[in-house]
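Spelled out, the chains give:
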Amino acid sequence: MTDNPSEPPDPAASATSRIGRAFAWIDQRLELVSDYINPILVKETRQALKSQQFVIWYLLLLGGCWIVTIGGLAMIGPAAYYGAFGGQLFQWYAWILSFPLLVVAPFSAFRSLASEQEENTRDVLTVSALSPYQVINGKLGSSALQVAMYLSAMAPCLAFAYLLRGVDALTLVLLPGMGVVASLGLSLVGLLLASLARVRYLQIMMNVVFITALLLLFYNSFELIEELVENGYRSYQQTSFWIAMGAIATAVATTFLLAYALAVACNTFTSANRSTPLRAAMLVQQAAFIGWMAAVWLVSRDPEIAVAMFMVGVFYWTAMGMFLTSEEPVLSPRVRRTLPKTAIGRAAFTLLSPGPGTGFFFVLANLCYLLLLAWFVQESGRSSGPGGLSLLVTYLAAVAYVVSYLGFGRIVIMLLRKIAALSLIGGFLVHLLLLLAGNALPYAIDASFNSVRRAGFSYWDVVSPVAMLEQTARGNVSEVELLTTGLIVFGVAACSLLINLFLAAAEVRQSRLTTPQRIIEDELAKIPAPGPTNPWGDSERPAVEAP
């Protein structure tokens, strides 16, 4: 701005002012990002990098690289100028790197959250200003930084192995990349296990189980590393390899999303809505699964793919339903304030709301969707595939078994909660015991009352879908027995459906609550003051007066 209003503004000063405003805008955004992720991430990173275990494993990693490099070159000798020995060195480097990625970093993430419970700071963390997302993001970010440091220490050795020839560039990038993805996924699993273990004896058991599983995974990674280094370039030329990699990547990504939502839910207030994000993650995972199955079906036109898709869906939704129908039936005022306002919204999103009743019908709706999809695919390829009405009856029977076990399991859980407190894990165990008891009953009766194992069908087999499938596959069920069995199974499922429909009515009738004025004022106080909207043209107009 010039001293004389009649003179035009200096272009250099104006550009300097714009650059300054741009840096101020960027600095403000970075400050907001650092405020969002900084507290728990800085704390965890400082604790992790200052800990003895990180220093020890980092020095062991460097020492292992040094030993392999010096020892390898000493064994190869002058032949390194003429041969291709990089593949052997790369295998050793990959084995050394896989231990901190697959064992050290995930177990550190597990211990970082488990120690909060042991030191009685987890409740303080829950009631602090940090959101559950910040807690999980911070601890996961700390693991990512440790992984990055391990990888940076190994990077020069990997490049050295490439210069010695014998390993292709794609393997050089793909294998460490898979290790990083696996490390982050296992770290999230560790955070989830630590979130689930609230009591001491369960934490000790989780410690043993998790470290054992990590060591077994590390041992089994040797074979994958050796296979990719020696035969990877042949696999890269095959389309099936990349299709399999894409399917695995999709499965890992959607499972990561589901585990992330579950870990956040375990660190959220019990009065908060912890179910809707989980159900949304389940829908995303199902959509990805159906997409891959549809792609395979479009290529092969094999109707058996529809059968496989439906059966996998039955197992998946049975497992998810065992959790969803174990939720508490009473919605807190915090949750009721987030219920849909309009009738259309309630009709569209009620099944995403928390509650065992909505969970039961959420599972049923997804199973019916899969049934219709499988039936459509079956009808499209009927000329060459199995089919007809018998397959549709099989689909319906599978849905009927799921409805029966989940429905009556939910009723048992509701009755148990009248006499004692039952957690979500407790409800899942009740479902699991019912499922195991129902499937084991025919075999237990057979073993108790007969000296010789029967070969034919018995109506005791009706309670067990496994026994029914076995007897039907053997051809031991006559048409009359099959019809009678179908009437029993569908009749029990109809009873379960009607009872749960009656019980779910109380959940659906819960209306939305008005947000109190005090909470509105608290939420408004959290909104930051308006700032520049972009780095080059902020809300303040330049003070240039007209000549």
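Residues numbered from 1 in each chain as written. Predicted model: local features only at pLDDT ≥ 70, side-chain atom pairs only at ≥ 80, totals over all residues. Heavy atoms only, no water.

### Focus: the overall build of the protein
Basically, it comes down to this: Helix and strand assignments come from DSSP, with helices taken as H or I runs of at least 4 residues and strands as E runs of at least 2, each series counted from the N terminus. Buried means the residue's accessible area, taken with a 1.4 Å probe over protein chains only, is under 20% of the maximum for its type, while exposed means over 50%, and partly exposed covers the values in between. Only heavy atoms enter the contact rule, under which two residues are in contact if any of them lie within 4.5 Å. Calculation of accessible area relied on Shrake-Rupley with a 1.4 Å probe; when residues are assessed, cover is drawn exclusively from the protein chains displayed.
The number of helices and strands found in the protein is 18 helices and zero strands. The buried share among the 547 residues of the protein stands at 39%. Put simply, 81% of the contacts in the protein that link residues at least 6 apart link residues at least 24 apart. Carbon together with sulfur atoms contributes 71% to the accessible area of the protein, which is approximately 30,500 Å² in total.

### Looking at the packing of aromatic side chains
The following threshold applies: Pairing of aromatic rings covers Phe, Tyr and Trp, the last through its six-membered ring, and needs centres within 6.5 Å; plane angles under 30 degrees mean stacked, over 60 mean edge-to-face, and all others mean tilted.
One pass over the full model with this rule turns up 20 aromatic pairs. An angle of 80° between the planes, with centres 5.5 Å apart, marks the rings of Trp-317 and Phe-362 as edge-to-face. With Trp-317 in helix α10 (residues 304-324) and Phe-362 in helix α13 (residues 356-380), this residue pair connects regions lying 45 residues apart in the sequence. With centroids separated by 5.1 Å and ring planes inclined at 90°, the aromatic side chains of Phe-360 and Phe-361 adopt a geometry described as edge-to-face. Residue class for Phe-360 comes out buried when judged on its relative accessible area of 2%.

### Structural notes on the pattern of salt bridges
To keep things clear, this is the line we draw: By definition, a salt bridge exists where a carboxyl oxygen of Asp or Glu is found within 4 Å of a side-chain nitrogen of Lys or Arg.
Per the counting criterion, the structure on display carries two salt bridges. Note that Arg-279 is salt-bridged to Glu-327, the shortest N-O span being 3.2 Å. Here the residue Arg-279 occupies a position in helix α9 (residues 276-300), and Glu-327 occupies one in the loop between α10 and α11 (333-336), the gap between them amounting to 48 residues.

### Considering the confidence of the model for the protein
To keep it simple, the criterion reads: Scored from 0 to 100, pLDDT records how confident the predictor is in each individual residue.
With 89% of its residues at a pLDDT of 70 or more, the protein shows a mean pLDDT of 82. Mean pLDDT across the elements of the protein ranges from a minimum in helix α18 (residues 517-525), with 71, to a maximum in α10, with 90. Below a pLDDT of 50 lies the segment residues 540-547, which in the model reaches five contacts outside its immediate sequence neighbourhood of four places, other chains included.

### Let's talk about the nonpolar core
Note the following rule: Grouping buried Ala, Val, Leu, Ile, Met, Phe, Trp, Tyr and Cys residues that are joined through side-chain atoms within 4.5 Å yields what is termed a nonpolar core.
If you look at the biggest cluster of nonpolar residues, it comprises 55 residues, and the most contacted ones within it are Phe-90, Tyr-93, Phe-110, Ile-136, Met-154, Leu-175 and Leu-188. Among the elements of the structure, α2 (52-76), α3 (86-118), α5 (132-163), α6 (169-196), α7 (200-235) and α8 (239-266) are those that each provide at least two residues to this core. Tallying contributions element by element places α3 first for this core, with 16 residues. Other than its neighbours up to four places away in sequence, Met-154 contacts Leu-61, Cys-65, Tyr-93, Ile-96 and Leu-97. Grouped together as the second largest cluster of nonpolar side chains are 48 residues, Ala-306, Val-307, Tyr-401 and Met-468 included.

### Overview of a negative patch on the surface
Quick note on the threshold: Think of a patch as exposed residues, more than 30% relative accessible area, with no salt bridge, where like charges cluster within 9 Å and nonpolar side chains (Val, Leu, Ile, Met, Phe, Trp, Tyr) cluster within 5 Å. Residues scored as positive are Lys and Arg, those scored as negative are Asp and Glu, and His as well as the terminal groups of each chain are ignored. Charge positions are represented by NZ for Lys, CZ for Arg, CG for Asp and CD for Glu.
Together, Glu-223, Glu-226, Glu-227 and Glu-230 make up a region of like negative charge exposed at the surface. Glu-230 gets classed as partly exposed once you look at its relative accessible area, which sits at 41%.

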